[in-house]
Amino acid sequence: MSRIIVVTSGKGGVGKTTSSANLGMAIAKLGRKVVLVDADFGLRNLDLLLGLENRIVYTALEVIARECKLDQALVKDKRQPNLSLLAAPQTRNKTVITAAHMKALVEVLSRYFDYVLIDCPAGIESGFQNAIAGAKEAIIVTTPEISAVRDADRVVGLLEANRITDIKLILNRIRPAMVRNNDMMSIEDVLDILSVKLIGAIPDDEQVIVSTNKGEPLVLSDKPSLAGTAYENVARRLEGQEVEFLNLEVPPKGFFAKLTSWITGNS
């Protein structure tokens, strides 16, 4: 059975598309056939994050309109053959694609892929309703900010109202130092509000910006990073593996760290 998962959020700018790209690539690295569906019609970005923007010829719109075959629109990643992308059209008229269209599309995709990951547009308007139409599971991405968490809580309610009850959480851009100083919500604070299962805790990492600009997901980078490892762990948890959450408290390095350690008697 294929798993059809919508990756969503309430608030924009929380790293939802970055999470979709890295999660899709990480699952593909585990040997599963994955298709990423960009459902953000009119504002597609998933192709950019994957570095596939120059290979887009047809989009989901042409497939639905039967102007091309499905395999013509699917772009296979050359770095990871298990991963394919179905890009969103850049049309401004979002009403041309309905929830029924999306449901039929993902049902066809589920015959050929182990995972169908749908990158949902931010907000709760028609684009959201279209993206969740064929989904069986959901991953909510949020940051530990009260506005983002409040919007995520509303999305949880909407998903449950649409009979999607298998909901998991990726908490993104965590800054442990700010949490310690009570300047940022802790993981426990967020879980108390949302009451969904945590599947990923992603630290704030400058390598995310670097990888985004390069069009290369973190999980493919030669430079190991906490965020990349965290996304790989999310993929393994989705596969049913028991994986401990990373210790995000990274000790400082260098001369000043050694000096501080000596002064405090911790050397």
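Criteria and cut-off values
Residues numbered from 1 in each chain as written. Predicted model: local features only at pLDDT ≥ 70, side-chain atom pairs only at ≥ 80, totals over all residues. Heavy atoms only, no water. Pairing = 2+ DSSP bridges. Helix = DSSP H or I, 4+ residues; strand = E, 2+ residues; numbered from the N terminus. pLDDT = per-residue confidence, 0-100. Contact = heavy atoms within 4.5 Å. UniProt positions renumbered as here; feature names shortened; annotations may be inferred. Buried < 20%, exposed > 50% of the residue type's maximum accessible area, 1.4 Å probe, protein only. Core = buried A, V, L, I, M, F, W, Y, C linked by side-chain atoms within 4.5 Å. Phe/Tyr/Trp six-rings, centres within 6.5 Å; stacked < 30°, edge-to-face > 60°. Lys NZ or Arg CZ within 6 Å of the ring centre and 35° of its normal. Axes fitted to C-alpha atoms, helices over the stretch in contact; angles between N-to-C directions. Parallel < 35°, antiparallel > 145°, perpendicular 65-115°, else oblique. Left-handed = near helix turned anticlockwise from the far one by under 90°. Nonpolar A, V, L, I, M, F, W, Y, C, P; charged D, E, K, R; others polar.

(A) Geometry of the sheet that holds strand β1 (residues 3-8). With mixed pairing, the 8 strands of this open sheet are ordered in space as β3-β4-β2-β5-β1-β6-β7-β8. Taken across any chain shown, the strands that pair with only one partner, and hence form the sheet edges, are β3 (75-76) and β8 (197-203). The pairing of strand β6 (residues 137-142) with strand β7 (residues 166-174) spans 6 bridges and is classified as parallel. When the bridges of β7 are listed, threonine 142 appears paired with leucine 171.

(B) A look at the confidence of the model for the chain. A residue-level look at the chain finds 92% of positions with pLDDT of 70 or above and a mean pLDDT of 90. Below pLDDT 50 for its whole length, residues 252-262 participates in 4 contacts with residues either more than four positions away or in separate chains.

(C) Up close: the UniProt feature "binding site: ATP" (unreviewed entry) in the chain. With numbering matched to this structure, UniProt assigns "binding site: ATP" (unreviewed entry) to Lys11, Gly12, Gly13, Val14, Gly15, Lys16, Thr17 and Thr18. Mapped onto the elements of the fold, lysine 11 is located in the loop between β1 and α1 (16-29). If near-sequence neighbours (up to four positions away) are discounted, lysine 11 is found in contact with Ala122, Ser147, Ala148 and Asp151. For threonine 17, the location among the structural elements is in helix α1. For threonine 17, a relative accessible area of 17% corresponds to the buried category. In this view, threonine 17 contacts Asn45, Leu46, Leu49 and Asp119; residues no more than four positions away in its chain are not counted.

(D) How the structure looks around the nonpolar core. If you look at the biggest cluster of nonpolar residues, it comprises 47 residues, and the most contacted ones within it are Leu86, Leu105, Leu109, Ile118 and Leu159. With 5 residues, the top contributor of residues to this core is helix α7 (residues 146-161). If we ignore the near neighbours within four places in the chain, the residues touching leucine 105 are Ala60, Val63, Ile64, Leu70 and Leu86. Ranked by size, the runner-up nonpolar core spans 37 residues in total, among them Ala87, Val141, Val219 and Ala227.

(E) The arrangement of the packing of aromatic side chains in detail. In total, this model carries 0 aromatic pairs according to the counting rule given. Directly above the ring of phenylalanine 113 sits lysine 33, whose terminal nitrogen or CZ lies 5.5 Å from the centroid. The aromatic ring of phenylalanine 245 is capped on one face by arginine 237, whose charged end is 3.8 Å from the ring centroid.

(F) Representation of the packing of α1 against helix α11 (residues 226-238) in the model. Relative orientation of the contacting elements α1 and α11 amounts to 60 degrees, with a least axis distance of 8 Å. It follows from the interaxial angle that α1 and α11 lie oblique. Relative to α11, α1 is oriented so that their crossing is right-handed. Taking contact as the criterion, the partners of Thr18, Ser19, Asn22, Leu23, Ala26, Ile27 and Lys29 in α1 are, on α11, Tyr231, Glu232, Val234, Ala235 and Leu238. Of the residues assigned to the contact of α1 with α11, the class counts are 7 nonpolar, 3 polar and 2 charged.

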